[in-house]
Amino acid sequence: MKSVFDFNAYSPQEIAARVESIGVTKANLAWLPLFMLALLAGAFIGLGAMSFVLVKADASLSFAVTQWFGGLVFSLGLILVVIAGAELFTGNNLLVMAWADKKITTAQLLRNWGIVFLGNGIGALGLALLLLFAEQGNANGGAVAKTYIDIAQAKINLSMSSAFFKGILCNVLVCMAIWMAMAGRSVIDKIAAIVLPIAAFVAAGFEHSIANLFFIPMAMLLQRFTGQSEPLIGLNDMLQNLIPVTAGNIVGGGFFVAFVYYVIYLRATR
């Protein structure tokens, strides 16, 4: 009998095996290439976030158009990560699948997450500095700089519970985008799988820890070096957002995607 999956895409069970195998490879990468790939991913996500801000800064657009079109251009970040190759903390929450199957140790899992998170943050900050020096905030009569600050202020004023649950919902969609991209065999397949889940999380206002490592430092830089509005955003404000968002991202990607699919497709075969 012909399988329903007899077409040019990997089946969900094949995706699970691929995600696990790639997770083992990622966990065993030497620290230098892992860190350099993480730098790239932080900058790539920052480019997506920058693209979103350019849309958001146009006050002539309606809310729905701003959110959805902004989400579509934000997807540039994950497209660059997946197609060009980079190591993204939120995507690497899928390593939980290999960990749950005892293919990697807890130490390997935490090592990967630690190096990648640090590299992502430095990459995002590096892009923010380049954009500051390029005076990109002056675009649209300074509306771009104001938009960065408004976005950051909204993020740091979230309650911890809201930030946590927005982080969960965000990384469910991010990891599902990566999961579905793993089904594709061509660049076009992968891009098509990525765009809508990413656009959906951005349009809904969910929280992505690595994007926030670009948004909030960019706003802090603009406030301090271009005389933008008070009150100044501080390091404690950023941590108040990042801690619950990062925890939510881990739960969303690590449990609701990686562990759930491990139980469905890998644990059942043991």
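Conventions we followed
All chains use their own residue numbering, which begins from 1 and follows the written sequence. Totals for whole chains, interfaces and linings use every residue, but because this is a predicted model, local features are given only for residues with pLDDT of at least 70 and side-chain atom pairs only at 80 or more, for both listing and counting. Side-chain metrics in this entry use all non-hydrogen atoms of the structure; hydrogen atoms and water are not considered. A carboxyl oxygen of Asp or Glu within 4 Å of a side-chain nitrogen of Lys or Arg is what we treat as a salt bridge. Only runs of H or I of at least four residues qualify as helices and only runs of E of at least two qualify as strands under DSSP, and these elements are numbered from the N terminus. Relative accessible area decides the class of each residue, using a 1.4 Å probe on protein chains only: under 20% of the type maximum gives buried, over 50% gives exposed, and in between gives partly exposed. UniProt positions are given in the numbering used here, feature names are shortened, and annotations may be inferred rather than shown by experiment. We call Phe, Tyr and Trp rings a pair once their centres come within 6.5 Å, taking the six-membered ring for Trp, and we label the pair stacked below 30 degrees between planes, edge-to-face above 60, and tilted otherwise. In our convention, an over-ring charge means Lys NZ or Arg CZ found within 6 Å of a ring centre and within 35 degrees of that ring's normal. A helix's residues, less one, multiplied by 1.5 Å, set its expected span. Here, residues are in contact when the closest pair of their heavy atoms is within 4.5 Å.

**Student:** Please provide a residue-by-residue account of the pattern of salt bridges, values included.
**Tutor:** Under the counting rule described, the total for this entry stands at five salt bridges. A salt bridge links K26 to E87; its shortest N-O distance comes to 2.8 Å. You can see K26 sitting in helix α1 (residues 12–27) and its partner E87 sitting in the loop between α4 (76–85) and α5 (96–100), a full 61 residues away along the chain. The partner of K155 in a salt bridge is E207, with the nearest N and O atoms 3.1 Å apart. Highlighted residues: K155 in helix α7 (residues 143–156) and E207 in the loop between α9 (187–204) and α10 (209–225), separated in sequence by 52 residues. Here E207 falls in the buried class, since its relative accessible area comes to 4%.

**Student:** Describe the UniProt feature "transmembrane region" (unreviewed entry) in the chain, naming the residues involved and giving the relevant values.
**Tutor:** In the numbering used here, UniProt assigns the "transmembrane region" (unreviewed entry) feature to residues 31–55, 67–89, 110–134, 163–182, 194–222 and 242–264. Between the C-alpha atoms that bound residues 110–134 there is a distance of 36 Å. The span itself is 96% helix and 0% strand. In residues 163–182, helix accounts for 95% and strand for 0%; the two terminal C-alpha atoms are 28 Å from one another.

**Student:** Break down the packing of aromatic side chains for me, with residues and values.
**Tutor:** When we look at a pair of aromatic rings, we describe it by the centre distance and by the angle of the planes. A complete count under the given rule lists twelve aromatic pairs for this structure. Centre to centre, the rings of Y261 and Y265 are 5.8 Å apart; their planes meet at 20°, and the pair counts as stacked. Placement of the pair is Y261 and Y265 together in helix α11 (residues 235–266), with a separation of four residues, close to one helical turn. The rings of F52, Y148, F214 and F215 are connected pair by pair, giving a single aromatic cluster. Lying across the ring of Y10, R18 places its NZ or CZ 4.3 Å from the centre. R185 extends its terminal NZ or CZ atom over the ring of Y10, reaching a point 4.0 Å from the ring centre.

**Student:** So, α7: which residues are in play, and what are the values?
**Tutor:** In a regular helix each residue adds 1.5 Å, so 14 residues correspond to 20 Å; α7 covers 20 Å between its end C-alpha atoms and thus fits that length. For α7, the complete set of buried residues consists of V144, A145, T147, Y148, I149, I151, A152, Q153, K155 and I156. Buried residues in α7 make contact with α2 (31–56), α6 (106–133), α10 and α11.

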